[in-house]
Amino acid sequence: MSREASETVMVNQYINGVLDPNLEMLGPVKSGGHIIAHTAPGCWGPMITPCIRGGHEVTKPVFVEGAEPGDAIVIKIKSIEVTSLATSSGNDSPVEGRFLGDPFIAVKCPGCGTLYPDTVIKGTGSEAIRCANCDADVTPFVFTNGYTMFFSEKGDVGITLNQEAAEMIAQDGQAYMKTPDASVQNPIVTFAPHDLVGTIARMRPFLGQLGTTPSRPIPDSHNAGDFGSFLIDAPHEYVSTQEELDTHRTDGHMDISRVRAGSVLICPVKVPGGGFILETCMRCKATARSQGIRLM
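The notes below deal with the structure included here.

How each quantity is defined
- Residues numbered from 1 in each chain as written.
- Predicted model: local features only at pLDDT ≥ 70, side-chain atom pairs only at ≥ 80, totals over all residues.
- Heavy atoms only, no water.
- Core = buried A, V, L, I, M, F, W, Y, C linked by side-chain atoms within 4.5 Å.
- Buried < 20%, exposed > 50% of the residue type's maximum accessible area, 1.4 Å probe, protein only.
- Helix = DSSP H or I, 4+ residues; strand = E, 2+ residues; numbered from the N terminus.
- Patch = residues over 30% accessible without salt bridge, like charges linked within 9 Å, V, L, I, M, F, W, Y side chains within 5 Å.
- Areas by Shrake-Rupley, 256 points an atom, 1.4 Å probe, with all protein chains shown as cover.
- Salt bridge = Lys/Arg side-chain N within 4 Å of Asp/Glu carboxyl O.
- Polar contact = N/O pair within 3.5 Å; in protein donor to acceptor, adjacent residues only side chain to side chain.
- Contact = heavy atoms within 4.5 Å.
- Disulfide = S-S within 2.5 Å.

1. Concerning the nonpolar core
Then, in step 1: By size, the foremost hydrophobic cluster in this structure holds 27 residues, and its most contacted members are Trp-44 and Ile-188.
Then, in step 2: Sorting the residues of this core by element identifies α1 (44-47), β8 (129-131) and β9 (141-151) as the ones contributing at least two each.
Then, in step 3: Counting 21 residues, the second largest nonpolar core, distinct from the first, contains Val-9, Ile-77, Val-259 and Phe-276.

Okay, structure coming up:
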């Protein structure tokens, strides 16, 4: 990358769910510099958006100055600020007949057979996600049980809502979830789940995805040793062998609550510049400091 490295790189662009070493990167950011990212909500919104091929909507990768394959990048998470006003979550159930082997990756419209179809939202509820081509109900996931949660002004406490409030939020999901302009995901609050009402919980946001770009295209949610196993002998274009998975993955999909403000991660570099990406479990503004090191 020929551009001069910056002390701070701002990120508000996203990819289609596939971590691809051939993608153009943002940056570069200086070793020891800062990355400030407005993330898109995750992960339920991308899960009901078939054109996103990985179950998440991660940021466009950032090139870290001096990072070369065989190195590592130390990431220090300085802060995570919740900006969404509400979100929904719950227990998922894949809908048979709407995907090829993996509902996170290869969604197929049950009406017209289009792979990775574009969608439109019509109304609210679990049948609101429609194929833009034939109008079929195309969501690959539904809730068996779910809830809608509204956050306090500081974003540190949330309360689950009743049906009336959940349906009100569902009618203007992007506004309540503060979905970024460049995001293409369908807001999960559109489903208006309300099985759990009046439960108050502390909010402690963490990063579901944080790491570097693998050395071959891998769907973001499967860039890991556990979920990645579903790529082995898969019936879609991202099929992988165990050897290929072990060689190319960078384990950026940790999805654990310990990856929060104050944490330090050491991320392997498998492509020039590292290709740093991140995604949160709801829309947040995250600031991270990157520092390149070499593993001996």
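Read on, since the account is not over.
2. Brief notes about a nonpolar patch on the surface
Then, in step 1: Together, Leu-85, Phe-150, Val-157, Ile-159 and Ile-200 give the surface a local cluster of nonpolar side chains, amounting to about 380 Å² of exposed area.
Then, in step 2: Its location among the elements puts Ile-200 in strand β11 (residues 200-202).

3. Structural notes on the side chain of Thr-148
Then, in step 1: Along the polypeptide, Thr-148 turns up in strand β9.
Then, in step 2: For Thr-148, a relative accessible area of 0% puts it in the buried group.
Then, in step 3: In this structure the side chain of Thr-148 is engaged in a polar contact, spanning 2.9 Å, whose partner is the side chain of Ser-88.
Then, in step 4: Residues within four places of Thr-148 in sequence aside, it is in contact with Thr-87, Ser-88, Ile-159, Thr-160, Leu-161, Ala-166, Ile-169, Ala-192 and Pro-193.

4. Notes on the state of the cysteines
Then, in step 1: As enumerated under the stated definition, the model contains zero disulfides in all.
Then, in step 2: We note that Cys-51 lacks a disulfide partner, and the nearest cysteine sulfur, in Cys-131, lies 11 Å from it.
Then, in step 3: Look at Cys-51 and you get partly exposed, because its relative accessible area is 23%.
Then, in step 4: Cysteine Cys-131 shares no disulfide, and the gap to the nearest cysteine sulfur, in Cys-109, comes to 3.7 Å.

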